[in-house]
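Commentary on secondary and tertiary structure
Single-letter residue listing:
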Amino acid sequence: MAQALAGDVSFTAGTPFEDLAALTLEDVLSGAGLFDAAVGGPQEDEMPGILDDSDLMEDFVSDSEAASNSKSAEEISGAIFGTSNDRGDYFPYPNKAMMKTDILFSSPRLRFSRAQQEAILAWGKDLGARDVPSHYRIEKFQKEALEAVGNPTVKVTAASGNVFYVNTVTQAMVKDYAHPETRKLIHAYPEFTHNKLSEVWQASKWLVDAPDEVLTPMVRLDGKDYYINELTRCVDDAWFIPLRFFDMDGAKWAVGRKVQAAQDGLHVSEDHDIMDCAAFRNNWPDIENWNPGGQIFAPQSAQYAALMPNPDRELAAGLEWECPPIVLFIDDVSGNSTKQWNVHYSCYMSNGGLPRSAVEKDCHIQFVATSPHASPMEIVQAICDEIRSTGGKTPIKTWDSVRNRYILIRPWLLFLPGDNPMQAELCSHIGLTANFFCRCCHAGGTKLFKESDEGFASLLQTGRLRSVDETREAVLQQLVLATHAAAAKPLQEAMTASGVKDSLAMPIINRLVAIGKALRRSTSSRKALTPEAVNQTLYEELLKRRDTPVMNPLLGMKGLDPHKDTPVEPLHTLLLGIVKYFWAQTVWILQKQGKFAEFNARLNSLARAGLKIPNIMGDYMCRYRGSLIGKHFKTISQVMAFAICGLVEEPLQNTWYSIGRLTVLIWDTAIEDVQSYMHDLRQTINTVNDFAAKLSPSLLTLKNKFHIFGHIPDHILRFGPALLFSTERYESFNHIFRLCSIHSNRQAPSRDIAVAFANQARCRHMTTGGYWLDARTKRWVCSGREVQRHLQEHRVDAHLLGVDLPKPPRHGTITISSESPVHTSSSRRSQVRTLVSRHQTSAAHLESPLLTADGKWFRGDSLVTTSGDVARLNDEVIVKQHINGASCLSFASILELLSPSEARDRALVIVRMSQLQTTAHNTLKLPVIQRIGELTVLEPSDITCVVNVQHDCASQGCMASGQQRLRQERELTSQVRTVVEHRDTISYVVNTHSLHNQQHLRRALPPHLLMSPSFFADRLVLHREAAASLRDHILQKKLARDAAVRKRAEDALRLANQGGSMELSLLDDESTHAGHSSWTDPDHDELPGGGDNRKLIFDDTIVAPRGPRQRRGGGNVRAAEPEMPDQFSNSTGRGLAGQKGTQARGGRGSSGGARGGSGRSQRRGGRTKGTATQLPAASAHSGGHESMAQTHARLVPSSSSATAVASVSVMSGADSNTFTSQAAAGFSTGSDGLPQLRNDAKQKAQECGLAAEQTAEVVKFCDLSLIEMVIDLKTHLLKNENDLLKRYFRIFVRHPDFALRLRHVVAAILLAPNTPAYHSGILNQVANHIEKNLDWVGLPASCKRDPADWALVKSAISHELAQMRSSMKSKLDMALKNKQDIYLLTTALMMYEMRAKREHWGRVAFLRSCASSWNQLTAVKKKATPFWDHVDQELKSVRATMNETYVSADRRRVEEAKFFADMVLRDVQTYAVTAGQLQMAVHTNDTLTDLQRNAEQVAGTFIAENTPAGAANADDDVEDLGLNVETGF
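What comes next concerns the included structure. It should be emphasised that the depicted structure is a prediction, and the values quoted were computed from it without experimental measurement.

Overview of the packing of helix H22 (residues 488-498) against helix H23 (residues 506-520)
The interhelical angle for the contact between H22 and H23, taken along N-to-C directions, is 155 degrees, at an axis separation of 10 Å. As far as their axial angle goes, H23 and H22 are roughly antiparallel. Contacts between H22 and H23 involve Ala488, Leu491 and Met495 on the former and, on the latter, Met506, Ile509, Val513 and Lys517. Per-class residue counts for the contact of H22 with H23 are six nonpolar, no polar and one charged.

What follows is the structure in structure tokens.
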């Protein structure tokens, strides 16, 4: 074994193995059957082919032939496992048996447990096979071979103490360079491709954005090494300093600085230029030898001399450099095959220098690490530490199997694909559920902000981009903040405000917060520490972590910006995001309209030719519509527009058109025109978002993937086509990981799985020709020729190792039609194939030179096109026609395939040309063809590819009236399904949403048929309307819930007044009934209607409202109860459970025992008698929407309803009648009955659990006369009414409609052009006006009587004023930064349907001037005078100047108007006007809204500062509110 591994085994080849009879057993021994079952069989959901007679005929062998071909056990053993006498060249394996066993047991996708391996080896030995290795021997060989090739598995201990194992990245890169076939594919330099984009090295990250120091620092030309940052002499005595190298048009080029020679030395230009490296003549060592120690550069360029020579030149010592990028993927994967979740965080990597076609293969995906214990960031920390170790002075020295010499490599991170939650963690971002949910930018905000016009529009565009420095600073601030006492809430606020949450820093932060809380509490042994002492202790605790990682290591990696280098992933964001959301909405609509069955039939009737998918699976997708996966949604995006045509309204139909177009753009693998592609992509994304805003605005606020997907155009420019950073390949690789996890003993999962993957990579590297360093001879060796040839000749073994050996079909091959087999005399069944002559073909009447008169052909079933597609009869294909010497692409359908019977004849394809219509389909917006062209005879080489076309059922009126028999177990059954019957075979629609053959479709279709129509003329108006619709929708749902709750309470009380007893549930405004699941569904656009069939169970008490915070617990646990009014103080119940079957609880007269099966015992004592009365509840909601006035009337109860609430009887059942009769007897008999009445009342009070004071009050109540009792009850009823009014008032103040009305009022006042102040005294004056005009905000008059209630109103006014001022200030600052003109700024400020007049321009110009002057103040002055106080002072100064200068009020008004007009002129001169006519539109008082007009009148009455009585001029009539609303003074 040692000799074999050391290379001492002879490399001469042995006798080739060609025993065909032994192949069957060999395949079995190598696991062929198991492999086919695991990976080689039909794909999931693909129906296997049907065995016909021809298949059976080909496999039929007579008994005599089988006997003649039989081999002895000894011969089979020698053929399969080899013999001791003829081992052949199987280095490093001792024999063929060891090689075959190693391949079988190292298969990635066919894993065996130890018991299975031993069983297979025992089976081979029992058959008499020779050289079968023992299990110990094969394990020993694998271990020694792994050490010889290079064992990449190392142990890592994280700072937290977690232990896991890593297969080093450097070893994976070394193997790539030591493998000749892989090495030929690696790109070391970026490439400039002139507006084309297909690979990652052609995109901007590698070509432009990556730092120069992480890229390949040199290029070798004619034996000389040219390094970056070194002076280079070029042809014609030109000088150049290269900064980076790249490929262009097959040659090496450099980006750098030109250098000019002068008398005082060389002058380096600050501008960048490019130069062909072929012009280089002398490198820096040559130049330095010419002028040793002399001054070369001029004094002003001396800083460049300090960079020479490049430090990498000294490190290389004559070796070449390459810096390949790495793509790192990490995700959470279950290690179980069952549904039980066994989380492992697994990390894989790919060589970023490989082309996309290679990266998608399993053999080029390398396992790095996994752990069920360590966090993802701890795994990333280990990888980053390893990559950093290769920088500086410790690069990787590896063997270049193409150059046949050593080179130095230094890998760097290119990007980090993954799903959105994992990418957010890698960015130190808080996640998708945060207010600021985007990891790439600062988009987002509070729920109210996202529902506002401004916030809603911001979700449809990218916000201010995040930066690494900003994130690092935020994490550091959080760490520092954690060293302060009581830091929990400030930390939470900081994370919420910034959206930054570092998973590596969080354990430290949590520990510091916990320590701080503990130190602030006193114990029996010490006192609580002061805040200063706590801060000092926490700071010292943090300093103990100075030598351990406390922050995301990716934030400090050179060449990596996690916010930019975590590209949006198409699978999770588009297919499992946008497509999934619209699928759910569409299915819901179809079900609601009763069209889902027809939709199912249409899916089953769609043509799949040209889609390159196994089956559309319409029945499956409709049945399991809520559990589909990515491949289903990929199919849906391609065909959905056809399936719903005519079933849904036009907006939804156009939405699926846009989704199909978007999917095609995302799956484009070769972008021919980057600028045109990016324009189409951005426009399509905007269109999909606009349709979402139009159809379901809540999707954009609830589903953050719509916004996140808007970043994908930037990521495509940065990394190339979206499939380059798709995670589908890694998600598929998870299957291999799961097999390794399952076939381990689970004791050391991280180590065992890492070793298993290392062994797989070792076996694949050895058997496919990779090199490794022999430790004894110190030379690089590879496997023998027989080993390398074995995989080429044994495709089963190649598949076992994950090595694909593609066998492309021969273009032009025609499969001859199968006919009924017949038996021949040799007992074999053979085909009888009928020859056809020219006159028997469908093109007999054509005059074609291809159809010879005496030719004979066989009819065919299918044809292999030039693109590799298999075209069948009646398929639509793209054909190449030669017209006037030029070739063009056209559409045609295949009618007949003719395969020649003699070599002198040609294979022919008879097609019917299709006519392409000049206009697109009216509904589908796709090209239309008609199969009415002439017949044409073509050669197979003229058939380019198959395209997907669907029948034009919309125009032809096809109905789902046909039936199709179903096939089960490869047999036709009596089961049928409904399909669409097509009325003709002429009209078809070209499916340009098909992902397959898109490049050919674009070349075959004219440009105008590829253009997308514009669906929305004004996106801003659409977004504004969508935001308003969203707010109204949320408000209506809120009000409907409250109205339903109140109506149930009123109905229950009304029923109680009619007789019997009850237990009432008064739910607060935040609770919803458990029986109405649709109320909690945010995606439902309609409110549920109909009645509520649940029963209300009445008790003998009136109880407290029951909401989410008063929910009953089990056992003796009770929720906190709110304080109740005095008249309810003797109630003991807890409220209606709100669940069907729940029984009432209480004392005498209530139902005892089990309550609806809940098993909870009675809380208080007392006997249980009688039966609880059950009455049906009234309808919860009558359907439809109610007006705001009706809503207000429902929220503010009338006195009659309040009286009804308090008039519920406290008696129940038979006991109530007894108690009433006894009371009546007591009243009628005088004082003799009072003692008994008092005793009964006392007993009743005790049973109900009343306090002693309450019991005494009840007893005292018995002494009253009947009239006194009535008066007492009336008093309590009125008090009850006031309490209920207060309750509903507080509900209303929290309602969105009140906030919406108040927001409009505040905006109208602050945006009025005559507002005298913005901060000073405004709150009180606005509150005073609202107090006098409560109808402006819909408040009841009773709120003014209670100071607490009015304080709530005033607090809401103050909040809205502050919010409005903050929004105005932000817009002013943004306008200053972006230099917006006065009209755009005014339009931005006119929020909440405010309309601009000319006077607004002057006031806005004045505000911008104030903002500009305030921004120039020092920080101290800004703190002393906030912005809006500064504005008020400026307004006050202007008024004072006008009052001092002009006595007449009329003159003052004129001069004030001039003053603001001059402000507008100066503003226009400073900021160039770019606004359009829409923004410059002018409104008058007549076109203003009533609210805005009234608000301006009110603002004119406001007082800005204290004025002595009588100081105002007689001309200033404040009562005449309409005179002076233009200027504002």
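What about the sheet that holds strand E11 (residues 320-322)?
Taken together, three strands build an open sheet; the order of strands is E11-E16-E15 and the sheet is mixed. Strands at the two margins of the open sheet, each flanked by one partner only, are E11 and strand E15 (396-400). Averaged over neighbouring strand pairs, the angle between their axes works out to 45 degrees when direction is ignored. The pairing of E11 with strand E16 (residues 405-409) spans three bridges and is classified as parallel. Bridge assignment links Glu322 to a residue of E16, and that residue is Ile409. Against the sheet, helix H10 (residues 169-177) touches E11, E15 and E16, its axis set at about 25 degrees to E15.

Structural notes on the packing of aromatic side chains
With the rule as written, the count across this model stands at 33 aromatic pairs. Centre to centre, the rings of Tyr348 and Phe733 are 4.9 Å apart; their planes meet at 75 degrees, and the pair counts as edge-to-face. In this pair, Tyr348 is assigned in strand E13 (residues 343-351) and Phe733 in helix H34 (residues 728-742), connecting sequence segments 385 residues apart. For Tyr348, a relative accessible area of 0% translates into the label buried. Geometrically, the ring pair formed by Trp399 and Tyr406 is edge-to-face, given 5.5 Å between the ring centres and 85 degrees between the ring planes. For Trp399, a relative accessible area of 16% translates into the label buried. Members of the aromatic cluster, joined through ring pairs, are Phe329, Tyr348, Phe367, Tyr730, Phe733 and Phe757. The ring of Phe1427 carries the charged tip of Lys1369 above its face, separated from the ring centre by 5.1 Å.

A closer look at the side chain of Arg439
Inspection of the secondary structure puts Arg439 in the loop between helix H18 (420-426) and helix H19 (447-451). For the buried residue Arg439, which engages in no salt bridge, the nearest side chain bearing the opposite charge is Asp419, 8.1 Å off. Here Arg439 is in contact with Asn420, Gln423, Ala424, Cys427, His429, Arg466, His563, Thr566, Pro567, Val568 and Ile708, once residues within four sequence places are set aside.

Digging into the nonpolar core
A general tendency of soluble globular proteins is for nonpolar side chains to be buried together. The biggest cluster of nonpolar side chains holds 98 residues, and the ones touching the most others in it are Phe599, Trp656, Ile666 and Ile716. No other element matches helix H25 (residues 570-592), which puts 10 residues into this core. Beyond its immediate chain neighbours, meaning those up to four positions away, Phe599 contacts Trp583, Leu590, Cys622, Met640, Ala643, Ile644 and Leu647. If you look at the next biggest cluster of nonpolar residues, it comprises 61 residues, including Val1326, Trp1336, Trp1414 and Tyr1446.

A short note on the sheet that holds strand E17 (residues 412-415)
The six strands lie next to each other as E1-E2-E14-E13-E12-E17, forming an open sheet whose pairing is mixed. Whereas interior strands pair on both sides, the edge strands pair on one side only; in this sheet they are strand E1 (153-157) and E17. Adjacent strand axes in the sheet meet at a mean angle of 30 degrees when their direction is disregarded. Here E13 runs beside strand E14 (residues 365-371); their pairing, made up of six bridges, is antiparallel. Counted as the bridge partner of Ser346 is Thr370 from E14. Helix-sheet contacts for H34 involve strand E12 (325-334), E13 and E14, and the interaxial angle to E12 is about 55 degrees.

Notes on empty space enclosed by the protein
The tally for this structure, following the rule as stated, stands at 11 cavities of 30 Å³ or more. For the largest cavity, the lining is made up of 21 residues, of which Gln366, Phe367, Phe757, Ala758 and Ala761 are closest to its centre. Listing elements by their share of the lining of the largest cavity, those giving two or more residues are H10, E14, H34 and helix H35 (749-767). Residue contributions to the lining of the largest cavity peak at five residues, all from H35.

Quick look at the pattern of salt bridges
For the structure on display, the rule yields 52 salt bridges. Notably, a salt bridge pairs Arg356 with Glu360, separated by 3.0 Å at the nearest N-O pair. Across the pair Arg751 and Asp752 runs a salt bridge, and its minimum N-O distance is 3.4 Å. Because the salt bridges share partners, they merge into one network encompassing Arg183, Arg220, Asp225, Glu320, Glu322, Asp400, Arg403 and Arg405.

Considering unusual backbone geometry
Following Phe91, the chain continues into Pro92 via a peptide bond in cis, with omega recorded as 10 degrees. When you line up the elements, Pro92 lands in the loop between helix H6 (73-81) and helix H7 (96-105). Despite not being glycine, Glu969 shows a phi value in the positive range, around 55 degrees. By secondary structure assignment, the location of Glu969 is in the loop between strand E34 (959-968) and strand E35 (971-981).

A word on the environment of Lys705
Relative to the assigned elements, Lys705 resides in helix H32 (residues 705-709). Measuring from C-alpha to C-alpha, the distance between Lys705 and Val568 comes to 9.5 Å, with 137 residues separating the pair along the chain. When near neighbours in sequence (up to four residues on either side) are disregarded, Lys705 contacts Asn420, His572, Thr573, Leu576, Gly577 and Tyr581.

Here we look at the pairing of E16
With five bridges joining them, E15 and E16 adopt antiparallel strand pairing. From the neighbouring strand, Trp399 faces E16, where its bridge partner is Tyr406. Joining the antiparallel neighbours E15 and E16 is a turn of four residues, in which Asn404 adopts a positive phi near 60 degrees.

Observations regarding helix H24 (residues 531-543)
Spanning 13 residues, H24 covers 18 Å between terminal C-alpha atoms, matching the ideal 18 Å at 1.5 Å per step. Of the positions making up H24, those classed as buried are Val534, Leu538, Glu541 and Leu542. Relative to the axis of H24, the buried residues are bounded by an arc of 100 degrees and lie together on one face. Structurally, H24 contributes buried residues whose contacts are with helix H21 (468-481) and H23.

Let's talk about the side chain of Gln117
You can see Gln117 is positioned in helix H8 (residues 114-126). Overall, Gln117 belongs to the buried group, its relative accessible area being 12%. Sequence-distant contacts of Gln117, defined by excluding residues within four places in its chain, comprise Phe105, Phe112 and His135.

Describing the environment of Gln171
When you line up the elements, Gln171 lands in helix H10. The spacing of Gln171 and Thr153 is 18 residues in sequence and 9.3 Å in space, taken between C-alpha atoms. What Gln171 contacts, discounting residues up to four positions off in sequence, is Gly150 and Pro152.

Re the packing of H7 against helix H9 (residues 135-149)
It is the contact of H7 with H9, at a shortest axis distance of 11 Å, that shows an interaxial angle of 80 degrees. When the interaxial angle is binned, H7 and H9 end up roughly perpendicular. Across the interface between the two elements, Met98, Thr101, Asp102 and Phe105 of H7 pack against Arg137, Ile138, Phe141 and Gln142 of H9. Of the residues belonging to the contact of H7 with H9, the class tally is four nonpolar, two polar and two charged.

Cut-offs and rules
- Residues numbered from 1 in each chain as written.
- Predicted model: local features only at pLDDT ≥ 70, side-chain atom pairs only at ≥ 80, totals over all residues.
- Heavy atoms only, no water.
- Axes fitted to C-alpha atoms, helices over the stretch in contact; angles between N-to-C directions.
- Helix = DSSP H or I, 4+ residues; strand = E, 2+ residues; numbered from the N terminus.
- Parallel < 35°, antiparallel > 145°, perpendicular 65-115°, else oblique.
- Contact = heavy atoms within 4.5 Å.
- Nonpolar A, V, L, I, M, F, W, Y, C, P; charged D, E, K, R; others polar.
- Pairing = 2+ DSSP bridges.
- Phe/Tyr/Trp six-rings, centres within 6.5 Å; stacked < 30°, edge-to-face > 60°.
- Buried < 20%, exposed > 50% of the residue type's maximum accessible area, 1.4 Å probe, protein only.
- Lys NZ or Arg CZ within 6 Å of the ring centre and 35° of its normal.
- Lys, Arg positive; Asp, Glu negative; His and termini not counted.
- Salt bridge = Lys/Arg side-chain N within 4 Å of Asp/Glu carboxyl O.
- Core = buried A, V, L, I, M, F, W, Y, C linked by side-chain atoms within 4.5 Å.
- 1 Å grid on protein atoms, 1.4 Å probe; cavity = no way out; pocket = protein on both sides within 12 Å on 5 of 7 lines; lining within 4 Å.
- Points joined across faces, edges and corners; volume = space filled by probe spheres on them.
- Expected span 1.5 Å × (residues − 1).
- Arc of directions from axis to C-beta.

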